[in-house]
Amino acid sequence: MRSVIPSIALRLSSKVRDYFNARPFLFAVFLLGIVMNFGFFLFMSGQVWISTISTLAPDSIQYMKIAGGILGNNSPNEFGLMIFGPGFGAYLAVIMFLFGSHEAILLFFQHLLAAANLLILYEVAREISKSHKIGIIAAALYATSFTAIALANLILSDVLFFCLYLFSVLFLLKSLKRFRWQLVILSGFVLGAAILVKSIGQFLIVGLLLLPLLYIKEMSPAAEWKGRFHWYGRYAVAPLIALVIIGGWMTRNYVVHDKAMLAFTGAGGPSNIALRAIAKEENREAGDVYAEWVETYKARTGLTELSLSDDYDMRTHEVRKAIGKYPGAMMSVYFGLTWENLTATNELYFTQCPTYKYDIDSGVLWYKAHSLNFLSFWLSICGLALMILLRRWRLFFFTAGLFVYFAGLIGFTQFQGSRLFFPGQVACFISIGFLIESLISSKEKPA
C-alpha cells in the first residue's frame, strides 16, 4: 500500500505537468486565479478573525449546524436542511471529519474548488466552442471576477455548486464526443449532488435532456430516426439518475415533514414576490402583510405556533391567492427583481472587509453611477448576437440557455448582490470570450 500511493501521486503529477505544458497560457491564468484568491484572503484576514469566517454570513451558520448535526456534534438542524438541503452541509461534514473543523481548513478546500472551477470552465468553454482561446478568456474572466474571489473566501455553497454543475455538463459533453457509459452515469450522479447543494439547479435536469439534441444530427444516423432515438435514449440516463437522487431527498422530506419538497425555496421565493406585490398594490408594509397571513392561517387551522412545514403551506396558499388577485403586480415585481439582481454588484465586502467597507462602497457607487454594472450584461448580449450573425447555433443555444435559465431564477429574492447570478456567469464568460476572440480574429485576418 505504501508503494502504491507514491506511484499514483507520481503518475498524477506527471499528467498535470503534461496538461499544463500543452497549455501554458492556461497555467498562467490558473496561477492568477490562485494568487487573486489567496491575496484577497490575506487582505480579508487583516480585518476579520479567521475563526469568525463561518459566522460572517447567516447561511454559513446554518451550513455549519447541518455539518455538526451529521457528525453528531449538535442536534440535527432540520431548519437548515429544509431551507438549504443536505449537500453542502454533508460536504463540510466530510472535510471536518477527515481534517478538522478549523475555518482555515474549510477555506483551503474552498480555494481548491475555486481553482478547479477555473479549469472546468476552460474545458466546458473549449468543448462547446471548439476554441482554446475562448476557453482561456472565460477562465481569465472567472479568475478576476470579484464575485468568484469573494465567494471562495466564505463558507457558502456557491463555489461547490458551480463546480458540480459544470462537472456534470463537462462529463456529458465529453461523452457526446465519444460515448462512454461511465461519463453519462457520472454526469447524472454529479448533477444530483449539485441539486442537493443548491436547489436552484433542479431544472438543469431538463438541460441535460436537451443538451444531446445540439449534437443529434452529427452523432447519429442522418436518415434513421430509430437510430437517432436509440442514440438519444442512452444520454437520457443522466437526468434520470439525477431525478432519482433528488426524489430520494423529497421522499425523506415527505416522511419527516409531510412535504414532498426539495427545499423551502419552492414556497419562499414566490411568497417574496407576493409580499412585495401586495404591499405595493395595497400601500402596506410587507411585514404587516406577512403578519396578517400568519394570523389568518392560525385562525383557520387552530394552531398557536407555526412550524416551518406550516409556514410552507401558508405561503403556498397565499401565493396562489396573490396570483389570482394581482397577476400584473406579481410579474412586475418578478421582472424588476430579475433585472436588479442581473446587474447587481458584489456586496460581500461589507462583512469581509469591514475596515475598508466605506471606501469600497464609494468605489461601487462610482461604478454604478457610470453604469459599469451593466457592462457584463451588454457585452454578453453582444456576444450572443454575434453568435447568431455567424450562425454558431450550438454555441448560441448552449450559452443563451444557461443565461436564460439562471436569469429566470434570480427574480424571487433580493439583497444578495451578484452572488445570485454567480452560476449564470458561466454564460457571460463564454459569451464575452467569444466576442473578444472574434474581434481579435477579425483583426488578424489580412485585408
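What counts, and at which threshold
- Residues numbered from 1 in each chain as written.
- Predicted model: local features only at pLDDT ≥ 70, side-chain atom pairs only at ≥ 80, totals over all residues.
- Heavy atoms only, no water.
- Axes fitted to C-alpha atoms, helices over the stretch in contact; angles between N-to-C directions.
- Helix = DSSP H or I, 4+ residues; strand = E, 2+ residues; numbered from the N terminus.
- Left-handed = near helix turned anticlockwise from the far one by under 90°.
- Contact = heavy atoms within 4.5 Å.
- Nonpolar A, V, L, I, M, F, W, Y, C, P; charged D, E, K, R; others polar.
- Core = buried A, V, L, I, M, F, W, Y, C linked by side-chain atoms within 4.5 Å.
- Buried < 20%, exposed > 50% of the residue type's maximum accessible area, 1.4 Å probe, protein only.
- pLDDT = per-residue confidence, 0-100.
- Parallel < 35°, antiparallel > 145°, perpendicular 65-115°, else oblique.

Sorry if this is basic, but what is going on with the packing of helix 10 (residues 181–197) against helix 14 (residues 237–257) here?
In a pair of packed helices, the angle between the axes and the distance between the axes together describe the arrangement. Direction vectors running N to C along helix 10 and helix 14 enclose 35°, while the axes themselves pass 7 Å from each other. The hand of the helix 10/helix 14 crossing is right-handed. Residues Trp-181, Val-184, Ile-185, Ser-187, Gly-188, Phe-189, Leu-191, Gly-192, Ile-195 and Leu-196 of helix 10 lie in contact with helix 14, whose contacting residues are Val-237, Ala-238, Ile-241, Ala-242, Ile-245, Ile-246 and Trp-249. For the contact of helix 10 with helix 14, a count of residues per class yields 14 nonpolar, 3 polar and no charged.

Explain the nonpolar core here, please?
Of all hydrophobic cores here, the largest spans 122 residues; its most connected members are Leu-92, Leu-118, Tyr-142, Tyr-165 and Phe-406. Excluding anything up to four places from it in sequence, Phe-406 contacts Phe-161, Tyr-165, Ile-200, Leu-204, Phe-421, Pro-423 and Gly-424. Counting residues in hydrophobic clusters, the runner-up holds 18 residues, among them Trp-293, Tyr-297, Val-319 and Val-333.

Just to check I follow, could you spell out the confidence of the model for the protein chain for this structure?
Interpretation of this model should avoid reading the predicted coordinates in detail wherever pLDDT is low. Per-residue confidence for the protein chain gives a mean pLDDT of 91; residues scoring 70 or more make up 95%. For the protein chain, per-element mean pLDDT is lowest for helix 12 (residues 216–219), which scores 70, and highest for helix 7 (residues 132–143), which scores 97.

Would you take a moment to explain the packing of helix 2 (residues 24–45) against helix 6 (residues 103–129) for this structure?
Close contact between helix 2 and helix 6 brings their axes to 10 Å; oriented N to C, the two are set at 150°. When the axes of helix 2 and helix 6 are compared, the pair comes out roughly antiparallel. Pair helix 2 / helix 6 crosses with right-handed handedness. Contact with helix 2, carried on its side by Leu-26, Val-29, Phe-30, Gly-33, Ile-34, Asn-37, Phe-38, Phe-41 and Met-44, involves Leu-107, His-111, Ala-114, Ala-115, Leu-118, Leu-119 and Tyr-122 of helix 6 and no other residues of that element. When grouped by side-chain class, the residues that make up the contact of helix 2 with helix 6 number 13 nonpolar, 3 polar and no charged.

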